[in-house]
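Close look at the chain arrangement
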Amino acid sequence: MIVLAGVLFHSVPLGAFEIPAPMSKAKAADFSVRYEPVRLVNGSPIVFHVTSTEALSSLSGKWLNHDVFFSSDPRGKVWYGIAGASLETRPGNYSLELKGVTTAGKDLSFQKRIGVGKGKYHSIAASVPKQYTEPNAEQLQKIDQDKALKEHAFARVSPEREWTGSFHPPVKAQISDVFGTSRTFNGKTQSVHQGLDYAVPESTPVAALNSGTVLLAQPLFFEGDCVVLDHGQGLLTLYMHLSKIDVKEGDRITSGQKIGLSGGTGRATGPHLHVAVRWQGVYLNPATLLSLQLP
Ligand SMILES: [Zn+2]
């Protein structure tokens with residue numbers, strides 16, 4: 001396995017920076033939008049901070065053809081929403097479209113152009129046992145069952161925010177494979193690494209990245225013993241190849257709570273922890289999410 005230093009996680013976007021949207025004076029006064037990380041690339045999560053001059057009773061957004069769900073501080077002045085840009089997002093400027101309703105019942109709308117740059121990702125070759133590249137009939141049946149199960153679990157989006165504060169690493173260990181790496185299995189089947197791998201031995205306690213609700217907790221063919229947490233606003237975290245699961249579906253989990261033990265179950269070349277971040281069907285770079293200072 002290739003061990004990469006943290007500095008390789010991100011690249012500097014290629015000149016796709018913010019262009020202020022043309023706006024009327026009235027609109028300019030309504031909202032101010034900040035976001036993290038300041039330099040976005042494809043594959044990055046994004047946290048929007050929207051401040052309104054008038055107290056709002058609701059705020060919703062549209063970004064890259066997805067709904068963005070916002071939750072406010074108790075005074076209704078600062079609203080937070082999590083989103084992301086898929087790996088497939090081309091470098092360019094995209095609009096965050098906001099619609100709010102003031103506590104007095106007035107409709108407000110606002111548009112913010114945000115630049116997305118090009119992330120720098122790697123390519124490696126890897127080999128896995130044959131059963132995972134050429135599954136037999138029984139295995140294919142299990143794979144189909146898992147697919148239906150995952151589709152069902154992922155179909156629901158909980159708008160309510162459950163995450164709070166910054167996201168924390170699930171284990172204290174070296175990164176063995178970063179997000180976005182292209183992989184070639186046995187010289188064929190190409191795939192892109194949609195998560196972050198930690199080099200941990202079997203039976204290392206695994207902690208929840210943030211607070212949330214257990215959406216799925218069971219063995220799957222490729223993922224092995226797998227836990228999926230729903231953090232609200234469409235954001236999920238996935239923990240794979242576990243040797244033991246300590247939580248069950250529906251459990252409320254606090255940030256840092258132990259959800260199970262690491263292992264090498266499912267499609268794994270050996271014991272390690274694969275963590276993925278999924279926002280409304282889009283896999284995002286966990287390392288970026290972990291680097292953000294969040295409210
Ligand atoms: Zn992995």
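As a reminder, the structure under discussion sits directly above these lines.
This report concerns the structure included in the present document. (Residues numbered from 1 in each chain as written. Predicted model: local features only at pLDDT ≥ 70, side-chain atom pairs only at ≥ 80, totals over all residues. Heavy atoms only, no water.)

Points about helix H3 (residues 137-155)
Rules: A run of DSSP states H or I qualifies as a helix once it reaches four residues; a run of E qualifies as a strand once it reaches two. Both are numbered from the N-terminal end. Residue count minus one, scaled by 1.5 Å, sets the expected span of a helix. Burial classes follow relative accessibility: with a 1.4 Å probe on protein chains only, a residue under 20% of its type's maximum area counts as buried, one over 50% as exposed, and anything between as partly exposed. To be clear, the arc concerns the directions from the helix axis to the C-beta atoms. Pairs of N or O atoms within 3.5 Å make up the polar contacts considered here, provided that, within protein, one atom can donate a hydrogen while the other can accept it, and that residues adjacent in sequence are counted only when both atoms are side-chain atoms.
Between the first and last C-alpha of H3 there are 27 Å, a value that for 19 residues agrees with the 27 Å anticipated at 1.5 Å per step. Every buried residue of H3 is accounted for by Gln139, Ile143, Asp146, Lys150, Ala153 and Phe154. Buried residues of H3 fall within an arc of 90° about the axis and therefore sit on the same side. Of the exposed residues in H3, the ones pointing more than 90 degrees away from its buried face are Ala137, Glu138, Gln141, Asp144, His152 and Ala155. Two or three places before glutamate 138, at the opening of H3, asparagine 136 has a side-chain oxygen 3.1 Å from that residue's backbone nitrogen.

A few points about the pairing of strand E16 (residues 212-220)
Selection rule: By definition, two strands form a pair when at least two bridges between them are found by DSSP.
Burial of E16 is extensive: 7 of the 9 residues sit out of reach of the surface. Judged from the 2 bridges that link them, E16 and strand E20 (residues 252-253) form a sheet pairing that is antiparallel. Residue pairing across strands places threonine 213 opposite arginine 252, the latter belonging to E20. Looking at chain direction, E16 and strand E17 (residues 224-230) are connected through 7 bridges and run antiparallel. The partner of leucine 216 across the bridge, within E17, is valine 228.

Quick notes on the pattern of salt bridges
The criterion, for reference: Any carboxyl oxygen of Asp or Glu within 4 Å of a side-chain nitrogen of Lys or Arg constitutes a salt bridge here.
Scanning the model with the defined rule gives 10 salt bridges in all. Between glutamate 54 and lysine 106 there is a salt bridge, with the nearest N and O atoms lying 2.9 Å from each other. Remark: lysine 106 occurs in the loop between strand E8 (92-102) and strand E9 (107-117) and glutamate 54 occurs in the loop between strand E3 (45-52) and strand E4 (56-63); sequence separation between them is 52 residues. A relative accessible area of 40% places lysine 106 in the partly exposed class. Between aspartate 67 and lysine 62 there is a salt bridge; the shortest N-O distance is 3.0 Å. Residue lysine 62 is classed as partly exposed on the basis of its relative accessible area, which comes to 41%.

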